[in-house]
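Structural overview for review
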Amino acid sequence: MIHLIFFILAAAMVVNSAILLKAMKESQTAPAAKDNSKKNRNSKILIAEIICLVMFIIGLVDIVGFVDFKAYDGTVFFMSFMNIALYIVYQIHCRYPNRTLNFAGKLIAVTAVLELTFFNMPSYYLAFGGYKEQKLSFENAELNEYAVYDGERDAVVIEGKNEGILKFEGIDRKIGTVYTDISFEGNTGSVTLKIDTKDETNTGNYRYDIVNRKLPAATEEALYTAVSLSGKVSAASVKFNLSNDSDKIIINGIYINKQIPVDISVGRVFLILCFGILFYSVFSSAVMKREYKDNKRFCTAAAAVITAMFCIGAVYVNNYKRGEQSWGDIMRNTQGNQMSQELVEAFSAGQTNLLIEPSEELLAVENPYDRTLRQPAVGYQNWDHVFYEGKFYSYYGIAPVVLLFWPYHALTKGAADAPEGYFFPDSVAVMIFSIIGMIGLAMLFMSIIRRFFKNLPSGMVILSLILLQTVSGIWFSIGRPDFYEVAMAFGFAFLTWAFYFLLEANIIGKGAISPVKTAVSSLLFALAVMSRPTTAVYCLCAVLFMILGFRRSGLSPKAEITEGDGAVYSVKRRVIYIICAALPMMIFGAIQMWYNYVRFDSPFDFGIQYSLTVNNFTKAEYHTSFVWIAVYNYLFNPPHFSAVYPFVETTFNQMGINGFFYMDRSETWNTSGLFFLALPMFAYLFSHKAYRRLPDRKSKAGSLIYIGLPCVIMPLLIIASVWESGYAVRYMVDFSWQMLIGAFAVFFFLYLKTDNKTIRKLMTYFMCFSVAWGLFVEGIQFIRQAFTWYPDMAYEVEQMFAFWL
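All values derive from a computational prediction rather than experimental measurement.

1. Let's talk about the overall build of the chain
A tally of helices and strands in the chain yields 26 helices and 15 strands. For the chain, whose C-alpha radius of gyration is 31 Å, the value lies close to the compact-globule estimate of 28 Å for 805 residues. A principal-axis box enclosing the C-alpha atoms of the chain has dimensions of 90 × 90 × 60 Å. When each of the 805 residues of the chain is scored for burial, the buried share is 53%. In the chain, of all internal contacts separated by at least 6 residues, the share reaching a separation of at least 24 is 76%. As displayed, the chain offers around 36900 Å² of accessible surface, 61% of which is attributable to carbon and sulfur atoms. Considering the chain, the positive charge centre built from 68 side chains and the negative charge centre built from 65 side chains are found 17 Å apart.

Written as structure tokens, this is what we have:
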């Protein structure tokens with residue numbers, strides 16, 4: 001009966017879609033044809049409205065759970081939702097007819113049909129072939145020593161890091177699906193299911209590992225497995241592998257030929273609809289074709305929506321990884337780490353060295369910086385701490401501590417369960433400042449467009465911003481929010497806003513310079529360095545830009561002549577400019593130099609060489625070959641693809657170089673080179689062509705300074721600097737968005753310089769493809785890195801793309 005109801009509702013959805021799509025098409029016909037068909041169309045629309053209403057009611061019944069639709073739970077609601085979405089598009093189309101809305105209606109209808117059929121093929125696997133549902137009997141099964149039968153519950157219990165095996169003889173049935181009804185006890189996150197079978201093509205011996213897949217605890221749908229066997233199965237050996245000593249599962253039943261539920265992938269539907277409509281509108285919508293200068297309000301609103309979606313994504317990742325822990329609990333941390341607790345306690349005590357004391361075992365080590373000597377004595381104790389003259393320090397920037405961690409600890413002092421105060425959680429700090437940075441990056445990008453590329457089509461601007469936010473590099477910090485990533489997130493936030501205010505101060509460009517915005521930019525650059533010392537190279541760029549802007553600093557904002565012999569410059573404004581540009585950097589630079597001096601007896605020593613870490617940095621020697629390893633892996637290492645999860649992988653490449661070059665954690669924690677994450681990076685290959693088309697020597701010099709330095713030279717210096725510390729995917733945020741902005745500058749310049757419509761169209765196609773490519777390649781690798789220990793997320797992503805499983 002449930003099957004019949006489902007197919008009737010599916011047919012009603014198709015009929016409703018056909019009526020509405022035909023009505024949308026007829027609304028664009030000639031006036032005379034409209035008058036002749038109006039009465040007939042109105043009657044059909046009434047039918048469509050009735051179908052929408054009925055399906056809406058049934059959808060509510062489904063989502064609330066008044067009726068158990070069994071394998072189709074949630075599917076009826078999905079059909080009603082898509083029907084209503086199509087009806088809304090139809091109503092908007094009647095008032096504002098255009099090709100994009102017409103396409104959107106078709107795409108909604110096609111997506112709904114595909115999601116119910118093609119993308120859920122395993123759900124209909126048993127429709128033909130004479131499969132009969134059956135529960136396999138545990139009493140008649142042969143169990144190994146790790147699978148314990150509980151007769152009272154008629155269940156099998158498996159515990160510990162073991163493999164429980166259940167062998168079933170005399171099945172004598174065709175098998176199309178296997179459903180394992182499993183209860184996961186405690187913190188058991190997943191179990192690996194393996195099945196050996198004997199079918200009519202192999203009656204004598206088992207075919208091993210016909211099924212070999214991981215079943216996550218949090219996803220009921222994952223417990224269903226489709227199998228492709230020939231004829232009747234005479235015997236099956238079902239094996240359950242647990243990974244940890246504390247793992248425990250209870251197998252309540254094993255069923256064959258139980259229908260796999262229809263599983264609607266919200267993510268897949270969202271991606272198809274959003275990006276299908278976006279890519280179509282870029283080529284067909286008059287609004288998207290309009291130049292930015294004539295469409296500022298729309299572009300600003302679109303940029304706000306895009307950035308908000310990325311920010312919501314950051315919050316979602318944080319919430320997902322937080323699990324069942326409430327916000328109240330996470331904000332009441334009574335323990336922290338090197339940055340959130342140890343530095344906070346040290347500053348609260350009025351000292352720069354940490355309060356923790358080195359152990360006698362560590363002090364007894366002849367060379368504590370040598371891991372092979374240190375680790376046998378103290379293991380991983382005080383890992384990644386700085387050890388200098390018998391005291392522990394931290395080489396991480398102090399801005400996050402002074403601006404967030406320390407004030408929070410002080411404000412929460414006197415709490416009942418933490419009299420000294422709570423410690424702000426790293427994960428929340430990374431999330432907050434990543435969001436601040438993403439907003440700053442959007443503001444910076446839109447400022448660049450407004451000042452230098454205002455003739456770009458709106459669609460090109462929107463596509464570029466999506467790609468920039470996708471491959472900015474900050475997602476790898478959001479994915480693993482430890483104290484290492486706190487420095488990355490704070491540096492990212494301050495640096496994006498620093499460059500934004502640098503542009504808004506008009507330091508790069510023509511006309512008067514804003515002293516106030518210059519001061520804000522100088523302050524933010526200083527804070528970026530005090531968060532992430534690596535960003536000092538960009539601070540040097542800012543200093544150079546400010547020096548080059550000195551000549552215009554004396555101009556009045558109301559000056560009619562802004563350059564040449566007729567321009568009038570004010571000495572007073574120049575003095576104010578010098579103070580605003582130099583004072584914030586000098587003050588905070590002096591604080592940082594003092595902080596360095598009192599710790600390591602040198603104002604220029606940040607102390608990283610004294611780290612108790614993977615290598616002895618006090619003895620490490622520079623080798624240019626290590627630089628090539630970093631450059632290749634960060635910029636040019638290509639991905640390779642497969643049809644199974646994780647679909648996209650990139651193998652870290654040592655390039656055959658003999659020597660120790662550290663690679664962070666494991667193969668799952670690296671990513672493709674930036675050129676293969678953001679395909680517009682290949683625009684740098686045409687930079688010489690763009691350079692030659694610049695109008696004069698001043699423009700050419702400006703391009704080398706204002707693009708070459710912050711977008712090419714400084715990022716390459718940062719990449720080269722990891723020869724000592726090694727490869728970590730989180731470092732991508734130090735150079736990714738900067739280099740991509742430079743590539744965009746070349747790409748946009750060449751786009752605007754050509755009048756060939758075909759070339760412009762091909763460049764637009766390329767940008768659309770780049771966005772889709774970047775979202776897939778970067779997205780998959782981010783998910784793999786962020787959710788390494790979350791098998792349920794891996795399953796969801798697997799089902800989104802490998803729908804045939």
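2. With respect to unusual backbone geometry
Phi is mostly negative for residues that are not glycine, and the peptide bonds are mostly trans. Put simply, tyrosine 645 and proline 646 share a cis peptide bond, and its omega is 15°. Inspection of the secondary structure assignment puts proline 646 in the loop between strand E14 (640-641) and strand E15 (648-649). The phi torsion at aspartate 384 lies on the positive side, around 60°, for a residue other than glycine. Positionally, aspartate 384 belongs in the loop between helix H11 (371-378) and strand E12 (386-388).

3. So, the packing of helix H12 (residues 399-411) against helix H16 (residues 483-504)
As a packed pair, H12 and H16 sit with axes 10 Å apart at the nearest point and diverge in direction by 95°. When the axis of H12 is compared with that of H16, the two are roughly perpendicular. Taken together, the residues of H16 that come into contact with H12 (itself represented by Pro400, Leu403, Leu404 and Phe405) are Val486, Phe490 and Phe494. Here the contact of H12 with H16 is built from residues that sort into 7 nonpolar, no polar and no charged.

4. Overview of the sheet that holds strand E8 (residues 207-216)
In spatial order, the strands read E2-E5-E10-E7-E8; together these 5 strands make up an open sheet with antiparallel pairing. Edge positions in the sheet fall to strand E2 (142-143) and E8, since each has one partner strand and no second. Pairing between strand E5 (residues 163-174) and strand E10 (residues 232-241): 9 bridges, direction antiparallel. Bridge assignment links leucine 166 to a residue of E10, and that residue is valine 238. On the sheet, helix H26 (residues 791-801) packs against strand E7 (190-198) and E8 and is oriented at approximately 110° with respect to E8.

5. Quick look at helix H9 (residues 338-348)
Of all the 11 residues making up H9, 8 are buried; the element is thus mostly covered by neighbouring parts of the structure. Listing the buried residues of H9 in full gives Gln338, Met339, Ser340, Gln341, Leu343, Val344, Ala346 and Phe347. Buried residues in H9 make contact with strand E13 (391-393), H12, helix H13 (426-452), H16 and helix H19 (571-600). Phi turns positive, to about 75°, at glycine 350, one or two residues after H9.

6. A look at a nonpolar patch on the surface
Judged by side-chain polarity, Leu53, Phe56, Ile57, Leu60, Ile63, Val64, Phe66, Val67, Phe77 and Phe81 come together as a nonpolar surface patch covering roughly 970 Å² of accessible area. Looking at the nonpolar patch, the elements that each hand over two or more residues are helix H2 (31-64) and helix H3 (75-95). Here the element with the most residues in the nonpolar patch is H2; it accounts for 6 residues. Mapped onto the fold, valine 67 is located in the loop between H2 and H3. Residue classification places valine 67 among the partly exposed positions, given a relative accessible area of 36%.

7. So, the confidence of the model for the chain
Mean pLDDT over the chain: 92, with 96% of residues reaching 70 or higher. Here H2 stands out as the element of the chain with the lowest mean pLDDT, 77, in contrast to helix H14 (residues 458-470), whose mean of 98 is the highest.

8. Quick word on the nonpolar core
Met438, Phe525 and Trp737 are the most contacted members of the largest nonpolar core, which has 174 residues in total. Looking at this core, the element that brings in the most residues is H16, giving 17 residues. Beyond its immediate chain neighbours, meaning those up to four positions away, phenylalanine 525 contacts Leu495, Ala498, Phe499, Leu502, Tyr538, Cys539, Ala542 and Met585.

9. Describing the packing of aromatic side chains
The full count for this structure, using the stated rule, is 68 aromatic pairs. Summarising the aromatic geometry, the rings of tyrosine 320 and phenylalanine 787 are spaced 5.3 Å apart at their centres and angled 85° between planes, so their arrangement reads as edge-to-face. Taken together, the residues tyrosine 320 in helix H7 (residues 296-322) and phenylalanine 787 in the loop between helix H25 (757-786) and H26 connect sequence positions 467 residues apart. Tyrosine 320 sits in the partly exposed class, given a relative accessible area of 23%. Its relative accessible area of 4% is what places phenylalanine 787 among the buried residues.

10. Here's the deal with the pattern of salt bridges
Here the structure, examined in full by the defined rule, presents 16 salt bridges. A salt bridge links glutamate 504 to arginine 450, with the nearest nitrogen and oxygen atoms 2.5 Å apart. Residue glutamate 504 is found in helix H16, and its partner arginine 450 is found in helix H13; the two are separated by 54 residues along the sequence. With a relative accessible area of 13%, glutamate 504 lands in the buried category. With relative accessibility at 30%, the residue arginine 450 sits in the partly exposed group. A salt bridge links arginine 730 to aspartate 664, with the nearest nitrogen and oxygen atoms 3.5 Å apart. Residue arginine 730 is found in the loop between helix H23 (697-721) and helix H24 (736-753), and its partner aspartate 664 is found in the loop between E15 and helix H21 (674-677); the two are separated by 66 residues along the sequence. By relative accessible area, arginine 730 is classed as buried at 11%.

11. A few points about the pairing of E5
Relative to E5, E2 runs antiparallel, the two sharing 2 bridges. Considered in E5, the bridge of glutamate 142 is made with lysine 167.

12. Some points on the side chain of glutamine 738
Within the secondary structure layout, glutamine 738 lies in helix H24. Separated by 3.0 Å, the side chain of glutamine 738 and the backbone oxygen of aspartate 734 make a polar contact. If sequence neighbours within four positions are ignored, glutamine 738 has contacts with Leu495, Tyr538, Pro710, Cys711, Pro715 and Val733.

13. Section: the packing of H14 against H24
For the pair H14 and H24, the least separation of the axes is 11 Å and the interaxial angle reads 160°. The pairing of H14 with H24 is recorded here as roughly antiparallel in orientation. The two elements H14 and H24 meet at a crossing, and its hand is right-handed. On H24, the residues that touch Met460, Ser464, Leu467 and Leu468 of H14 are Trp737, Leu740, Ile741, Phe744, Phe747, Phe748 and Tyr751. Along the lines of polarity and charge, the residues of the contact of H14 with H24 split into 10 nonpolar, 1 polar and no charged.

14. Remarks on H12
Look at H12: 17 Å from first C-alpha to last across 13 residues, which is about the 18 Å you get at 1.5 Å a residue. The largest bend in H12 amounts to roughly 30° and is located at phenylalanine 405, with the proline proline 407 lying one to four residues further along. Of all the positions in H12, only Ala399, Pro400, Val401, Leu404, Phe405, Tyr408 and His409 are classed as buried. Packing partners of the buried residues in H12 comprise H9, H13, H16 and helix H17 (515-531).

About the criteria used
Counting of residues starts from 1 at the beginning of each chain's written sequence and follows it residue by residue. Two thresholds apply to this predicted model, a pLDDT of at least 70 for residue-level local features and 80 or more for giving and counting side-chain atom pairs, whereas whole-chain, interface and lining totals are computed over all residues. Side-chain figures throughout are based on the complete set of non-hydrogen atoms in the structure, without hydrogens or water. Each helix corresponds to a stretch of at least 4 residues labelled H or I by DSSP, and each strand to a stretch of at least 2 residues labelled E; elements are numbered beginning at the N terminus. For a compact globule the rule gives 2.2 Å times the number of residues to the power 0.38, and the radius of gyration it is set against comes from C-alpha atoms. Only protein chains enter the calculation, and the probe is 1.4 Å; a residue is then buried if its accessible area is under 20% of its type maximum, exposed if over 50%, and partly exposed in between. Two residues qualify as a contact provided that any one of their heavy atoms is within 4.5 Å of a heavy atom in the partner residue. Every accessible area reported is derived by Shrake-Rupley at a probe size of 1.4 Å, with residue values counting cover from the shown protein chains alone. Here the positive residues are Lys and Arg and the negative ones are Asp and Glu; neither His nor the chain ends is included. Where a charge lies is defined by one atom per residue type, namely NZ (Lys), CZ (Arg), CG (Asp) and CD (Glu). Fitting a line to C-alpha atoms yields each axis, with helices limited to the stretch in contact; the angle taken between N-to-C directions then spans 0 to 180 degrees. What sets the label is the angle itself: under 35 degrees gives roughly parallel, over 145 gives roughly antiparallel, 65 to 115 gives roughly perpendicular, and the rest give oblique. The nonpolar class holds Ala, Val, Leu, Ile, Met, Phe, Trp, Tyr, Cys and Pro. Asp, Glu, Lys and Arg form the charged class, and all remaining residues, Gly among them, are polar. Only strands joined by at least two bridges in the DSSP assignment are considered to pair. Patches draw on residues past 30% relative accessible area with no salt bridge. Two like charges within 9 Å are joined, as are two nonpolar side chains (Val, Leu, Ile, Met, Phe, Trp, Tyr) within 5 Å. Here, a salt bridge means any Lys or Arg side-chain nitrogen found within 4 Å of an Asp or Glu carboxyl oxygen. How sure the predictor is of each residue is captured by pLDDT, a score from 0 to 100. Nonpolar cores are built from buried Ala, Val, Leu, Ile, Met, Phe, Trp, Tyr and Cys residues. Side-chain atoms within 4.5 Å join them into one set. Each aromatic pair joins two rings of Phe, Tyr and Trp (for Trp, the six-membered one) with centres within 6.5 Å, and gets the label stacked for planes under 30 degrees apart, edge-to-face for over 60, and tilted for any other angle. We define a polar contact as two N or O atoms separated by no more than 3.5 Å, with the added condition that, inside protein, one atom must be a possible hydrogen donor and the other a possible acceptor, whereas residues neighbouring each other in sequence contribute only through side-chain atom pairs. Definitions for this section: a left-handed crossing has its near helix turned counterclockwise from the far helix by less than a right angle. A right-handed crossing has that turn clockwise. Multiplying 1.5 Å by the helix residue count minus one yields the expected span of that helix. Bending is quantified residue by residue as the angle between axes fitted to the seven-residue window ending at that residue and the seven-residue window starting at it.

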